[in-house]
Amino acid sequence: MSQNPYKVLGVEETASPEEIKKAYTDMVKKYHPDRFKEDYMKELAEQKMKEVNEAYDAIQKGNAYYDRSRSEEPPRYSTDRSARSESIGTLRDVRMYIHNRSFSKAREILQSISLRTAEWYYLMGIVEVNYGNYDQGKYYINQAVTMDPGNAEYREAYQQLFAGTIFSHNANPYRQHDPAQACCQVCLAAWCLDACCECGGGDFITCC
Amino acid sequence: MYGYLRPLKSPHHDYTLFRAHYCCLCKTIQSEYGLPFRAGLSYEMAFFALLLNALQGADVSIRRETCLIHPFRKQAVFKSSPTMSLCAHLNMALLAGKLSDDIADEERFRPVRRIGLRYLESRAGNVFKGYSRLVSDAYESIRLLEGGKVDDVDAISALFGELLAALFLEVSAGSGLEPPEPMIHFSRVLGRWVYCIDALDDLQNDFRAKRYNPLIYRYKETLLSSDSLEKAYESIGSQEAVRLRLLSEHIMSEYRLFRMRLGLYSVEIDDIIFRTIPCACARIAKKNVVKEKK
């Protein structure tokens, strides 16, 4: 299957068999096709149930294999200091390639690095976003933020890219200022000022 | 076909260049393919022609003519050129691709669409056939993904982006132009954007008509678990707005890299890139919310 089965069931990879079973039963209750009346919803529910069943079976059989190339690869850590410093040097090169917009070269180098640090996830996310693969990019940058929550650059990138504001409601730059409405507002303001505060410069409207 | 890439109505501009390109393409289509096919002209193609002429540095030569739709008031028409003719053929090749896709997908108007497609192919020349091959190959790949009920919006929109980039390269080569690298990438991202915004625009209709739309499968949990369909549409709209925003920012940044080459034409193209695109995103993303409030 192409997705992480634990993610499909909404549980942690360290979850106990009881927790997994409970998550599975909850999912079955929530998405069972019999709950839906319309044919199209039934079809969607059937598809979802298929995913849930496959995920549960994969975990039960203990072969929770999924296509890691897609997006769900768990982070790998290394305690080898020399590998880590070598990786830092290469990642600096990757930053340079990204800066020069050589995204294919940057991706190629990143794919050859086995040590996946927060920086690796961040740079891979930037590369994927530049390729237009936003879902992948979001996953990678989120992973970088999770691994290194104190890093302001990762957090800001995530905020700016994926949690940014949506377009404004009235995004028409040619929205006209209505002169009639403006005139009414000016008259109303003048009348209020005149009525409430006669000392505000004299009684302009003598009848009130 | 889509109609997202056109200038906004403005009291300050009349967009003569854009309108002149549209009218020129319309007249070229009439002379090459016949009167009814004028209805198949898209705003996107007028934008495409404008961009190509800008890159070529074509002289701005406009004449005023009447036509069937404007019999009394003369309209601005750009001068005919080989580039405009190539764009007209390309528009028809895309229309043929859309017609055959609709024939495969929908029962409605199938005989009419078949007649239209057959007539179009009977009048086709070598240029049309070359473009048509590219278009039908891309539609075939898209149909394969659609058949597999793929939920990866990025993957499926990438196919459309690649199609647009390939067509752009083909037309550029035909008119003896070597496009700058950012321009190719720009057309790729623009293709993605058109696919994504169209998918979001059609979401409700596709769901009702039980047609394939990648967003239905991408957000099946939202559709199944929301209290009402309106709430689900609203949630999908706000999530997809992020993708649309990223795509439009991407389009703008690529555009800035070759904008200086566009000369006089850049005034109207700027308007489409920096105003029309964000406004279209806002309109489509908020479509569901506005409807609910009404």
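Residues numbered from 1 in each chain as written. Chains lettered and ligands numbered in written order. Predicted model: local features only at pLDDT ≥ 70, side-chain atom pairs only at ≥ 80, totals over all residues. Heavy atoms only, no water.

Chemist: So what's going on with the packing of helix α8 (residues 152–162) of chain A against helix α11 (residues 229–258) of chain B? Residues and values would help.
Modeler: Closest axis-to-axis distance for the α8(A)/α11(B) pair is 9 Å, and the angle between their directions is 100°. Classified by the angle between their axes, α8(A) and α11(B) sit roughly perpendicular to one another. Judged by residue contacts, A:Q160, A:L161 and A:F162 of α8(A) engage B:V242, B:R245 and B:L246 from α11(B). Classifying every residue of the contact of α8(A) with α11(B) by side-chain character gives four nonpolar, one polar and one charged. (Axes fitted to C-alpha atoms, helices over the stretch in contact; angles between N-to-C directions. Helix = DSSP H or I, 4+ residues; strand = E, 2+ residues; numbered from the N terminus. Parallel < 35°, antiparallel > 145°, perpendicular 65-115°, else oblique. Contact = heavy atoms within 4.5 Å. Nonpolar A, V, L, I, M, F, W, Y, C, P; charged D, E, K, R; others polar.)

Chemist: Please give an account of the nonpolar core that cites residues and values.
Modeler: Residues A:L9, B:L25, B:F47, B:F186, B:W193, B:I269 and B:I273 are the most contacted members of the largest nonpolar core, which totals 150 residues. Counting contributing residues per domain, this core is built from domain 1 (5–61) and domain 2 (81–162) of chain A, each supplying no fewer than three. The residues contacting B:F47, other than those within four sequence positions of it, are B:L5, B:F18, B:F186, B:L190, B:I269, B:I272 and B:I273. (Core = buried A, V, L, I, M, F, W, Y, C linked by side-chain atoms within 4.5 Å. Buried < 20%, exposed > 50% of the residue type's maximum accessible area, 1.4 Å probe, protein only. Domains from an automatic or database assignment.)

Chemist: A description of the state of the cysteines should follow, citing residues and the corresponding values.
Modeler: On inspection of all chains with the given rule, the structure shows zero disulfides over all chains. Sulfur of B:C281: no disulfide; nearest cysteine sulfur belongs to B:C279 and is 9.0 Å away. (Disulfide = S-S within 2.5 Å.)

Chemist: Kindly report on empty space enclosed by the protein, identifying the contributing residues and their values.
Modeler: Residues and elements named next belong to chain B. The final tally for this structure, using the stated rule, is two cavities of 30 Å³ or more. Approximately 210 Å³ is the volume attributed to the largest cavity. Elements that contribute at least two residues to the lining of the largest cavity include exactly α2 (43–56), α3 (82–105), α6 (153–174) and α7 (181–201). Its residues assigned to classes, the lining of the largest cavity comprises 14 nonpolar, two polar and one charged. Of the pockets and cavities examined, the second largest cavity occupies roughly 40 Å³. Taken together, F47, F48, L51, L164, F168, M183, F186, S187 and L190 make up the lining of the second largest cavity. (1 Å grid on protein atoms, 1.4 Å probe; cavity = no way out; pocket = protein on both sides within 12 Å on 5 of 7 lines; lining within 4 Å. Points joined across faces, edges and corners; volume = space filled by probe spheres on them.)

Chemist: Give me the lowdown on helix α12 (residues 266–285) of chain B, citing residues and values where you can.
Modeler: Residue and element names in this part refer to chain B. End to end, α12 covers 27 Å across 20 residues, agreeing with the expected 28 Å (1.5 Å per residue, within 8%). In α12, a bend of some 30° at T276 exceeds every other bend along the element, and P278, a proline, comes one to four places later. Among the 20 residues of α12, 16 are classified as buried, and the element is accordingly described as predominantly covered. (Expected span 1.5 Å × (residues − 1). Bend = angle between axes of the 7 residues up to and from the residue.)

Chemist: Any chance you could break down the packing of aromatic side chains for me, citing the residues and the numbers?
Modeler: Given two aromatic rings, one states the distance between the centres and the angle between the planes to describe the pair. Residues and elements named next belong to chain A. Enumeration according to the criterion identifies 20 aromatic pairs over all chains in this entry. With a centroid separation of 5.5 Å and an interplanar angle of 55°, the aromatic rings of Y158 and F162 are classed as tilted. Separated by four residues within a single helix, Y158 and F162 lie in helix α8, roughly one turn from each other. F162 sits in the buried class, given a relative accessible area of 9%. Grouped by ring-pair contacts, the aromatic residues W120, Y121, Y139 and Y140 constitute a single cluster. The ring of Y31 carries the charged tip of K48 above its face, separated from the ring centre by 5.5 Å. R107 extends its terminal NZ or CZ atom over the ring of Y131, reaching a point 4.0 Å from the ring centre. (Phe/Tyr/Trp six-rings, centres within 6.5 Å; stacked < 30°, edge-to-face > 60°. Lys NZ or Arg CZ within 6 Å of the ring centre and 35° of its normal.)

Chemist: Let's hear about the pattern of salt bridges: which residues, and what values?
Modeler: Applying the stated rule across the entire model yields 26 salt bridges over all chains. A salt bridge links B:E240 to B:R243; the shortest N-O distance between them is 2.8 Å. Taken together, the positions of B:E240 and B:R243, both in helix α11 and three residues apart, correspond to about one turn of that helix. Residues B:E240 and B:R243 agree in their burial class; the two are buried. The salt bridge partner of B:R259 is B:D270, with a shortest N-O separation of 2.6 Å. With B:R259 in the loop between α11 and α12 and B:D270 in helix α12, this pair connects stretches of sequence that are 11 residues apart. Residue class for B:R259 comes out partly exposed when judged on its relative accessible area of 27%. The network of salt bridges with shared partners includes A:D135, B:D154, B:R218, B:E240 and B:R243. (Salt bridge = Lys/Arg side-chain N within 4 Å of Asp/Glu carboxyl O.)

The analysis is restricted to geometry; functional conclusions fall outside its scope.
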